[in-house]
Amino acid sequence: MIIGVINTKGGSAKTTTSTNLAVAFAHKGYQVCLLDTDEGQESTRMWVENRDEALPEIRVEVVLPKFLATTAKALEQEGYLVIVDSAPKLSDLANLIIVSSDLLIIPVQPTYYDFRGFENFLENFRAFKGAKEASGGKVVPSVLLTRTRPNTLMLESIKEALANYEVPLFKTEIVEREAYKATASMGLGVVEYSDKKAKAEMLKLTEEVESLIENF
Ligand SMILES: Nc1ncnc2c1ncn2[C@@H]1O[C@H](COP(=O)(O)OP(=O)(O)OP(=O)(O)O)[C@@H](O)[C@H]1O
Ligand SMILES: [Mg+2]
């Protein structure tokens, strides 16, 4: 299974979502490989450098766009759950991730600009999803609301707006919490950290993703 974590909007929590899901799946016994496609930043690679060797291993590979499809497929065949952390731009890379992935997780923060970024991405997504389906493939996208502040008007209005689109929303929302920032510099996922609420929401999200994998 290949999961692309993608949004063309910068800073939408792609890396945070990728690393945290990787850790949660590793604790469930999955063999996980993160593919870092963000050549400029390599945030995922930097994250894993701080990871304690005693913790469940997460393999990280930095991959150039031209090798993405073949690398992801080869790792999948080796038995890895492959999670692709994307770079923040509409590009050939974004299109390659759409075409190479089985599931897409689209992290969206509840702000006007992020919502507009999602709409732009969606236009692109539709074109490449069509191309993939025409060749007998399938790609299942879901929107993940991240860095939310519960019970705010902005969150409610973004949720209403998202309901008008064909991409379903995860039930789990990832709340704005210090735990996500703190764990980023320690090579950890929030399921390995002291914030119980962060851990609980990440485990819920992991279950939702697992059910998408099982029903794919
Ligand atoms: N739920 C959260 N609570 C608090 N901070 C968060 C949360 N999610 C992400 N962040 C912080 O927001 C910033 C951007 O997150 P992240 O680097 O994951 O985004 P990105 O989409 O990968 O960015 P880029 O487009 O630059 O690759 C980081 O500082 C991260 O620690
Ligand atoms: Mg990133």
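Refer to the structure presented above.
To keep things clear, this report deals only with the structure shown in the data block.

1. A word on the pattern of salt bridges
Inspection of every chain in the model, using the stated rule, returns 16 salt bridges. Where R177 meets E201, a salt bridge forms, and the shortest distance between an N and an O atom there is 2.9 Å. One end of the pair, R177, is in the loop between α6 (153–162) and α7 (178–184); the other, E201, is in helix α8 (residues 196–214), with 24 residues separating them in the sequence. Classification of R177 by relative accessible area gives buried; the value is 18%. Judged by relative accessible area, E201 falls into the buried class, the value being 7%. One continuous salt-bridge network, built from bridges that share partners, spans E42, R45 and E49.

2. A closer look at the site of ligand 1
Close contacts around ligand 1 come from 17 residues, with G11, K14, T15, T16 and R147 the closest. Within the backbone of G11, one N or O atom sits 2.8 Å away from an oxygen atom of ligand 1. T15 places a polar main-chain atom, nitrogen or oxygen, 2.9 Å from an oxygen atom of ligand 1. Elements with a minimum of two residues in the shell around ligand 1: α1 (14–27) and α7. Tallying contributions element by element places α1 first for the shell around ligand 1, with 3 residues.

Here is what the cut-offs are and how they apply
Residues numbered from 1 in each chain as written. Chains lettered and ligands numbered in written order. Predicted model: local features only at pLDDT ≥ 70, side-chain atom pairs only at ≥ 80, totals over all residues. Heavy atoms only, no water. Salt bridge = Lys/Arg side-chain N within 4 Å of Asp/Glu carboxyl O. Helix = DSSP H or I, 4+ residues; strand = E, 2+ residues; numbered from the N terminus. Buried < 20%, exposed > 50% of the residue type's maximum accessible area, 1.4 Å probe, protein only. Near = heavy atom within 4 Å. Polar contact = N/O pair within 3.5 Å; in protein donor to acceptor, adjacent residues only side chain to side chain.

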